[in-house]
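Each chain, written out:
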Amino acid sequence: MKKDDFQMIDVRKEYEQDLLDAQIIWEQQEELRRQEYIRQQEQIQQEMLRQQEMDAMILQENARAFVHQMPSMHDVTAVSLNGNMNNTFAGNAIPEQPVIPQEILDAQVAHYATAMRGFDGRRVLLVNTVCGTGSVGRLVTGLYHTLEDHGYECLVAYGRGSAPSDIRAYRIGTDADMYIHGAMSRLNDRHGFYSRKATLDFIAMVKEYDPDIIHLHNIHGYYLNLEVLFEYLGKCRKKIIWTLHDCWSFTGHCSHFEYIGCTKWMTGCYKCEQLQEYPKSFGVDNSKANFEDKRRLFTGIDDLVIVTPSEWLKDKVRNSFLAEYPVVVVPTGIDLSAFYPYNETTADDNLIFRIKNELSLRNKTILLGVANPWRDRKGLVQFAALEKSLSDRYAIILVGLNEKQISQLPPNIVGLSRTDSIEELAALYSMADIYVNLTLEDTFPTTNLEALACGTPVITYKAGGSPESLDDTCGVVVERNSIQGVVAAIEKIMTSGGLSYTRQMCLRRAQLYSKEHRFLEYVQNVYEAF
């Protein structure tokens, strides 16, 4: 062999040795990462065990207190067959309230409206994924009309669908932009870091419109580039309000984490366990990078105030990297002129009469559940278990299911697809004897409010901010996953004999959440207070 050949062999051996060394180093590092992950998981498990022990102590204390005294008026009565109650946040959103005469509420609204007249001509830019549809989209348009009615000039910027004809609106990007953003997010788990051109165009429009206040709502949904948006917000010297409707803003991936009990969001996300949940990824995990980028972008913004619809979400924000900002709780408002008790008549065009006949619900005690979309964490499996625990005198109706879910329902559960008709929804709420919300994670569900506004009492799990809209005259809170507790709560409401859970009691509670009152609370407690 030639000398060059030996040199080539030596180089190849050297290269192979380098590869071997690199492989060994990589394996060592991987082992260290695995050990660190195990250690962190053990810490999480220990923290969960400590929390369970604390919960058990609270349960015991609650049980002892229950023997010696009646529950306080601002706390929701929890029902249990096996000591499964703990109402930490129950009733917190609106504390104990006396009956408020309508003339007092009208006077408060008039006072807020008078205070707003000094702000005539101020421009407000409202930003959300959708405009006029869905609970948040309706909230945005409702706030738009309230502000416009009292002298503000408003513009809504949205990312998908269309806007109502009476709303001055700007569409951010196109359907193609949104689909590309969604596809790239699924491939790379970098939701919020695409749509750059669409966001640059949007910022150019914002500079031209020159609002006094920028009010963000949901900025996720495949339509905005966070880098571009927050680079502008950090320099614009505008008053910024950011209403959070979920937890996405301070996690590395997910919008909710209560269902799996994850606490990584408090210190730093990594190895996300919810990649298959919105915003879905096909396997790539960039939760660590997302978390760090969000923390860098979302902090240090001057004149920013955060609004949450529940005390529960406020508590989460206080434990996140957004803790530097002031947080104000403004519960969601609903339109009481749209959601109100429908009465049944024998007329052919009466919705309740028609629905009962079509679904064979005569002489049934009706339990209603509403969600969009339905998933296990929204309680779909829970309802299947509940159905097995009830007698034939009960009928369960679930609204918002897809065709596959409807085909898989047990025989005693009636499945209905999503309805965009508020009249149909209000009729279903009014027809129900009890609205049952078995969600295992939620921020502040408006379905509870809509049911109360239609005169229907509510049962909910102690999940997120769901209990906060209730008091012990109109609802019952049950510990999560306790079907026994739900059955006992149903029995409690149905045998109350008119002492609690009446239509009037539900309506009294619902009036505290009228959209006029809540929207004007935005002005008093947020727009004018900071």
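Residues numbered from 1 in each chain as written. Predicted model: local features only at pLDDT ≥ 70, side-chain atom pairs only at ≥ 80, totals over all residues. Heavy atoms only, no water.

Engineer: Got a minute to help me understand the nonpolar core in this structure?
Structural biologist: Soluble globular proteins tend to bury their nonpolar side chains together. Within the largest apolar cluster, 47 residues are counted, with the highest numbers of intra-cluster contacts made by Phe 202, Ile 219, Phe 230, Phe 250 and Phe 298. In this structure, Ile 366, Leu 425, Ala 432 and Tyr 513 belong to the second largest nonpolar core, which totals 36 residues. (Core = buried A, V, L, I, M, F, W, Y, C linked by side-chain atoms within 4.5 Å. Buried < 20%, exposed > 50% of the residue type's maximum accessible area, 1.4 Å probe, protein only.)

Engineer: I tried to follow unusual backbone geometry on my own but got confused; where do I start?
Structural biologist: A cis amide bond links Tyr 278 to the next residue, Pro 279, at an omega of -10°. Take Pro 279: it is sitting in the loop between strand S6 (239–243) and helix H7 (287–298). Look at the link from Asn 372 to Pro 373: it is a cis peptide, with omega at 0°. Its location among the elements puts Pro 373 in the loop between strand S9 (365–370) and helix H10 (380–388). Phi at Lys 271 is positive, roughly 40°, even though this residue is not glycine. (Helix = DSSP H or I, 4+ residues; strand = E, 2+ residues; numbered from the N terminus.)

Engineer: What should I look at first to understand the pattern of salt bridges in this one?
Structural biologist: Should the charged atoms of two oppositely charged side chains come close, the side chains can pair. Within this structure, the stated rule accounts for 23 salt bridges. Its salt-bridge partner being Lys 264, residue Glu 273 comes within 3.6 Å of it at the nearest N-O pair. According to the relative accessible area criterion, Glu 273 is partly exposed, its value standing at 48%. Overall, the relative accessible area of 5% leaves Lys 264 in the buried class. Of the charged contacts in the structure, one is a salt bridge between Asp 471 and Arg 509, with a shortest N-O distance of 3.5 Å. On the criterion of sequence distance, the pair formed by Asp 471 in the loop between strand S13 (458–461) and strand S14 (475–478) and Arg 509 in helix H15 (residues 503–510) is long-range, its members being 38 residues apart. (Salt bridge = Lys/Arg side-chain N within 4 Å of Asp/Glu carboxyl O.)

Engineer: Whenever I open this one, the environment of Ala 453 confuses me. Can you help?
Structural biologist: Among the secondary structure elements, Ala 453 is positioned in helix H13 (residues 446–453). Overall, the relative accessible area of 3% leaves Ala 453 in the buried class. Once you skip the residues sitting within four places of it in the chain, Ala 453 turns out to touch Ile 334, Leu 336, Phe 339, Tyr 340, Pro 341, Leu 507 and Ala 510. (Contact = heavy atoms within 4.5 Å.)

Engineer: Just to check I follow, could you spell out the packing of aromatic side chains for this structure?
Structural biologist: Each pair of aromatic rings is reported with the distance of its centres and the angle of its planes. For the structure on display, the rule yields 16 aromatic pairs. On the numbers, 4.7 Å between centres and 15° between planes, the contact of Phe 257 with Trp 265 is stacked. By relative accessible area, Phe 257 is classed as buried at 4%. An aromatic cluster of three or more residues is present, and its members are Phe 230, Trp 242, Trp 248 and Phe 298. Above the ring of Phe 193, the side-chain terminus of Arg 190 is found at 4.1 Å from the ring centroid. Sitting over the ring of Tyr 270, Lys 264 keeps its end group 4.6 Å from the ring centre. (Phe/Tyr/Trp six-rings, centres within 6.5 Å; stacked < 30°, edge-to-face > 60°. Lys NZ or Arg CZ within 6 Å of the ring centre and 35° of its normal.)

Engineer: Please explain H13 as it appears in this structure.
Structural biologist: Residues separated by three or four positions in an α-helix point in the same direction, a consequence of the helix having 3.6 residues per turn. For H13, the buried fraction is high: eight of the eight residues fall into the buried class. Residues Thr 446, Thr 447, Asn 448, Leu 449, Glu 450, Ala 451, Leu 452 and Ala 453 constitute the buried set of H13. Looking at the packing, one finds that the buried side of H13 touches helix H3 (134–149), S9, helix H12 (422–431), strand S12 (434–437), S13 and H15.

Function cannot be inferred from these measures alone, as they are strictly geometric.
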